[in-house]
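Residue-level structure breakdown
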Amino acid sequence: MKASNFIKKTGLLVLSLFLLWSCNDDDDTPVIREFNIVELALTSPDLTSLVAALEKADLVATLQSGDYTVFAPTNEAFAAFLNAKGFASLEAVPNDVLRTILLNHVVVGGARANQLTTGYIETLAEEATTKNTINMFVNTSGGVKLNGVSDVITPNLVATNGVVHIVNAVIDLPTVVDFAVADPTFSILVQALTRDDLTFDYVAALSTMSGTAPAPFTVFAPTNDAFAMLLTELGASALSDIDEPTLKATLDLHAVSGANVLASGLSDNLTVTTLGGDITANVTGGATLTDSNGRVSNIIVTDVQAANGVIHVIDKVVLPKLPSTVVGIALDTPELSILVQALQAADGDLVSVLGGEGPYTILAPDNAAFQALLDSNPAWNSLADIDTAVLSQVLLNHVLPGKLMSTDLVGLGSGYASTEATGAGGNKMSIFFDASNGVKFNGVSTVKMADKEGTNGVIHIVDAVIGLPTIVDHAVANPGLSSLVSNLTMGGNTTFTDLLSTPGDFTVFAPTNDAFTAFSNPNSNALDAILLNHVVVGATAVSSGLTNTYVKTAATYGNTDNNLSLYINTDSGVTLNGIADVSKADIIASNGVIHTVDAVIDIPTVTTFAVADPTFSTLVTALTTLTPSTDFAGILSTANGTAPAPFTVFAPTNDAFAAITVPSDEGVLTNILQHHVIAGANVTSADLNNPGTTTAPSLEGDDLTITLPGTSPNIANLTDGSGNSDIGIIAVDVQAGNGVIHVINKVAIPNLTN
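Analysis parameters
Residues numbered from 1 in each chain as written. Predicted model: local features only at pLDDT ≥ 70, side-chain atom pairs only at ≥ 80, totals over all residues. Heavy atoms only, no water. Helix = DSSP H or I, 4+ residues; strand = E, 2+ residues; numbered from the N terminus. Rg over C-alpha atoms; globule rule 2.2 N^0.38 Å. Buried < 20%, exposed > 50% of the residue type's maximum accessible area, 1.4 Å probe, protein only. Contact = heavy atoms within 4.5 Å. Areas by Shrake-Rupley, 256 points an atom, 1.4 Å probe, with all protein chains shown as cover. Lys, Arg positive; Asp, Glu negative; His and termini not counted. Charge placed at Lys NZ, Arg CZ, Asp CG, Glu CD. Pairing = 2+ DSSP bridges. Axes fitted to C-alpha atoms, helices over the stretch in contact; angles between N-to-C directions. Parallel < 35°, antiparallel > 145°, perpendicular 65-115°, else oblique. Left-handed = near helix turned anticlockwise from the far one by under 90°. Nonpolar A, V, L, I, M, F, W, Y, C, P; charged D, E, K, R; others polar. pLDDT = per-residue confidence, 0-100. Phe/Tyr/Trp six-rings, centres within 6.5 Å; stacked < 30°, edge-to-face > 60°. Salt bridge = Lys/Arg side-chain N within 4 Å of Asp/Glu carboxyl O. Core = buried A, V, L, I, M, F, W, Y, C linked by side-chain atoms within 4.5 Å. Polar contact = N/O pair within 3.5 Å; in protein donor to acceptor, adjacent residues only side chain to side chain.

Take the overall build of the protein next. From N to C terminus, the protein includes 28 helices and 36 strands. For 754 residues, the compact-globule estimate of 2.2 N^0.38 gives 27 Å, and the protein exceeds it by more than 25% at 47 Å. Going through the 754 residues of the protein one by one, you find that 49% of them count as buried. If you take every contact in the protein between residues at least 6 apart in sequence, the share linking residues at least 24 apart comes to 64%. Only carbon and sulfur atoms are counted for the fraction: they give 53% of the accessible area of the protein, which is about 32,400 Å². Positive and negative charge centroids in the protein, built from 23 and 72 side chains respectively, lie 22 Å apart.

Here it is, written out as structure tokens:
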């Protein structure tokens, strides 16, 4: 019997049933009438469009028996649907289309509202090409919402063959896009698909209905958790951090066009050709996808059937072939196979370290370079013969922090960088690069292939292994120090190179070529002594640890074992003996540190130290400006071996002069100044009687007496010609080339009554 005839013949019955109709807002309490689903619909004036649609689609008989849940759109919902689809009336809708849409509102089995849970259920509708049952997404997080578009407004109308829930919108046949939008599990996927900088309209393409290319689709849909893991994996904080080409290439790998492949169609080692290339499916032990990076994604939900394709939910985003880390590049480069073996063999788990975040610049010796290294030492037949701790440091000496492309190095020209190796004093080892003709490191290793970029840095393949440099190696590598090297080895002399190549701690103040060019050796000092005066033995003194102080150099006074002093002033940069400024600090070697200087540091006189040390500025004024009739500077600069040199000078500090009234009488002041000098003797602290006293006449004529030990905190006490015995010697043995200085805290006064 057709529904229209049924309505006419049972009008009074319908009216009476309508008057008996009641609604209950409690979702858990059904309204029960002894009618089947169609009869229930007939009793509601708000479902007349649904009844007419059922009649037109010939579904009345279907819903009068069986056991179903029907989501019943209101008349208003049908009107909105027809308008949106451009149909003038229900009669204008093709029967097959209408039938499928109506079946998309029907689920097998009667389910009341409180029995519905968030997730996917099957409807009676079928996908056009495969005849697979189409799913519906139910969201119960706030009421009941279907496919993200239709809300249940009157639930739980229980019929004899099921349950009817009245809804406020017709549930159109869902596309794979509709499911992605409806399901909050895919909210980040939707953000990715709709990002406004994408060069492809994924929404439009994936909304294409079956029967029209490129539909149908098989979509592997990553969850929000999968995207969160991806951001962590890529070191990104948000989806916006992923560039458009990478994002598009990634999204392409999650869709197959022209195929609606259910889970049953997957098999082991199945090549799945996506929009972005091939990935591999496997099913043993659970369905998985493997991308070209070897990353495995688990398929955690299968066969979510839309009207234009099927969705499988995955727990990890599939990625296109990613750029490798610098370690990955080495692994993929056959000519770096020995380097890879070395990284694996060395202490410190260098493979993991260099596979980390970085960035790094790797100077990668090729296989021929490593073979040459092994050939250079008869004791080494293979990498296994090299101490693993040493090997680790050698390899780290090829690693620079940061990412330096070849253009960066060429732009810099030449200079020093720090490597990850540990040099003298626990400081990072220095490496010298010169890009004036190609790019060479430490003068021994040339870049033969540059700029192999990885995700965490860049590799430059080099033709020689770079050893751990000594001070001599650094000097030889730097063309700006060629004059120093020439002077160190003049006449075949290897004393210096032998010394500065040995293990130990050295601080070398290295004059540049310009410094040597400007140096005329005005005092005709021996070159070996001058060179030794640039070397401090037993210490790696980096610039950050330097203060205003005296240190001992490798040069000695005359034929004694007394090492010459070097005065370091750090008030403005680093200045040595008042004449040489450090131009490049902290070139770290395996056995010390180099600081390049802009002047050759000649053998100092006692005058040199007095002028260089600001502690003695008042003394210098007294010796020069206040006593013009006596050439103290000239006298105290007399070369050793020429009378009245050598000298022993007791040098009062500025504070010592501030404690007295400096005589205005030049003659008196001259006598006082001469009383601080012993001529013809280089008296060091080791020459004094200890304990006891040592007496010597001053240049003025009166005796000076030194008593050891001194009263605390003095090292020694000095008694002057006037009998003052409380003069403290507070620093000793500032050794010059023509004498020695001891620092005193009071001005010594001669016997002025004589």
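Sheet strands pair by backbone hydrogen bonding; their relative direction is either parallel or antiparallel. Reading across the sheet, the 7 strands line up as 10-9-15-14-13-12-11 and stay open at both edges, with mixed pairing between neighbours. The sheet is open, and its two edges are formed by strand 10 (255–257) and strand 11 (270–274), each paired on a single side. The sheet shows a mean angle of 30 degrees between the axes of neighbouring strands, direction not considered. Direction of pairing for strand 9 (residues 217–222) relative to strand 10: antiparallel, over a ladder of 3 bridges. Residue pairing for strand 10: valine 219 is matched across the bridge by alanine 255.

Another point: the environment of alanine 539. Here alanine 539 is to be found in the loop between strand 24 (535–537) and strand 25 (549–556). Judged by its relative accessible area of 29%, alanine 539 is partly exposed. Separated by 87 residues in the primary sequence, alanine 539 and lysine 452 have C-alpha atoms spaced 40 Å apart. If sequence neighbours within four positions are ignored, alanine 539 has contacts with Asp505, Phe506 and Thr507.

For threonine 302, the location among the structural elements is in strand 14 (residues 296–306). Accessibility expressed as a relative area gives 36% for threonine 302, which makes it partly exposed. Taking the C-alpha atoms as reference points, threonine 302 and phenylalanine 220, separated by 82 residues in sequence, lie 9.3 Å from one another. Those residues in contact with threonine 302, other than ones at most four positions away along the chain, are Ala263, Ile311 and His312.

Let us now look at the packing of helix 4 (residues 48–56) against helix 7 (residues 95–103). Viewed as axis vectors pointing N to C, helix 4 and helix 7 meet at an angle of 125 degrees, and their least axial separation amounts to 9 Å. Of the possible angle classes, the one that applies to helix 4 and helix 7 is oblique. For the crossing formed where helix 4 meets helix 7, the hand is left-handed. Of the residues in helix 7, those in contact with Leu50, Ala53, Leu54 and Lys56 of helix 4 are Asn95, Leu98 and Leu102. Looking at side-chain class alone, the contact of helix 4 with helix 7 contains 5 nonpolar, 1 polar and 1 charged residues.

It is worth spelling out the confidence of the model for the protein at this point. Per-residue confidence for the protein averages 93 on the pLDDT scale, and 95% of its residues sit at or above 70. Across residues 1–27, where pLDDT falls below 50, the model places 27 contacts with residues more than four positions away in sequence or in other chains.

Counted by the stated rule, this structure contains 6 aromatic pairs. Measuring from ring centre to ring centre gives 4.9 Å for tyrosine 120 and phenylalanine 137, while their planes differ by 50 degrees; the resulting arrangement is tilted. Highlighted residues: tyrosine 120 in strand 4 (residues 119–126) and phenylalanine 137 in strand 5 (residues 133–139), separated in sequence by 17 residues. One aromatic cluster in this structure is built from Tyr120, Phe137 and Phe179.

This paragraph deals with the pattern of salt bridges. For the coordinates displayed, the defined rule picks out 11 salt bridges. Put simply, aspartate 252 and lysine 248 hold a salt bridge, and the shortest N to O gap is 3.0 Å. A residue pair is termed a helical-turn pair when its members lie 3 or 4 positions apart in one helix, as aspartate 252 and lysine 248 do in helix 12 (residues 244–252) at 4 residues. Here the salt bridges share partners, and the residues they tie into one network are Glu233, Asp291 and Arg295.

Moving on, we come to the sheet that holds strand 30 (residues 647–652). In spatial order, the strands read 31-30-36-35-34-33-32; together these 7 strands make up an open sheet with mixed pairing. For this open sheet the edge positions go to strand 31 (677–679) and strand 32 (692–697), each flanked by a neighbour on one side alone. Strand after strand, the sheet turns through a mean of 30 degrees between neighbouring axes, direction not considered. Relative to strand 36 (residues 739–744), strand 30 runs parallel, the two sharing 6 bridges. Each residue of the ladder has a partner; that of alanine 651, found in strand 36, is valine 743.

This paragraph deals with the nonpolar core. Judged by nonpolar contacts, the single largest core of 38 residues is most densely connected at Leu63, Val70 and Leu102. Broken down by secondary-structure element, the contributors of at least two residues to this core are helix 3 (37–42), helix 4, helix 5 (60–63), strand 2 (68–73), helix 6 (75–85), helix 7, strand 7 (150–159) and strand 8 (162–167). Per-element accounting of this core gives the leading share, 5 residues, to helix 3. Valine 70 has contacts with Ile37, Leu63, His105, Val106, Val163, Val164 and His165, leaving out every residue within four places of it along the chain. Formed by 33 residues, the second largest nonpolar core is a distinct cluster that contains Val190, Leu193, Leu231 and Ile242.

In contact at an axis separation of 9 Å, helix 14 (residues 337–345) and helix 17 (residues 388–396) are set at 125 degrees when each is read in the N-to-C sense. Relative to helix 17, the element helix 14 is oriented oblique. Crossing hand, helix 14 versus helix 17: left-handed. Only Thr388, Leu391 and Leu395 of helix 17 make contact with helix 14, whose side of the interface consists of Leu339, Ala342, Leu343 and Ala345. Of the residues contributing to the contact of helix 14 with helix 17, the split by class is 6 nonpolar, 1 polar and no charged.

A cis amide bond, omega 5 degrees, links alanine 643 with the succeeding residue proline 644. When you line up the elements, proline 644 lands in the loop between helix 26 (632–635) and strand 30. The linkage connecting asparagine 690 with the following residue, proline 691, adopts the cis geometry, with an omega of 0 degrees. Along the polypeptide, proline 691 turns up in the loop between strand 31 and strand 32. At lysine 131, a residue that is not glycine, the phi angle is positive and equals roughly 65 degrees. Positioned with a positive phi, asparagine 156 is a non-glycine residue whose angle comes to about 65 degrees. Looking at the element boundaries, asparagine 156 is found in strand 7.

Quick look at the side chain of asparagine 161 now. Among the secondary structure elements, asparagine 161 is positioned in the loop between strand 7 and strand 8. A distance of 2.9 Å separates a polar atom in the side chain of asparagine 161 from the backbone nitrogen of isoleucine 37.

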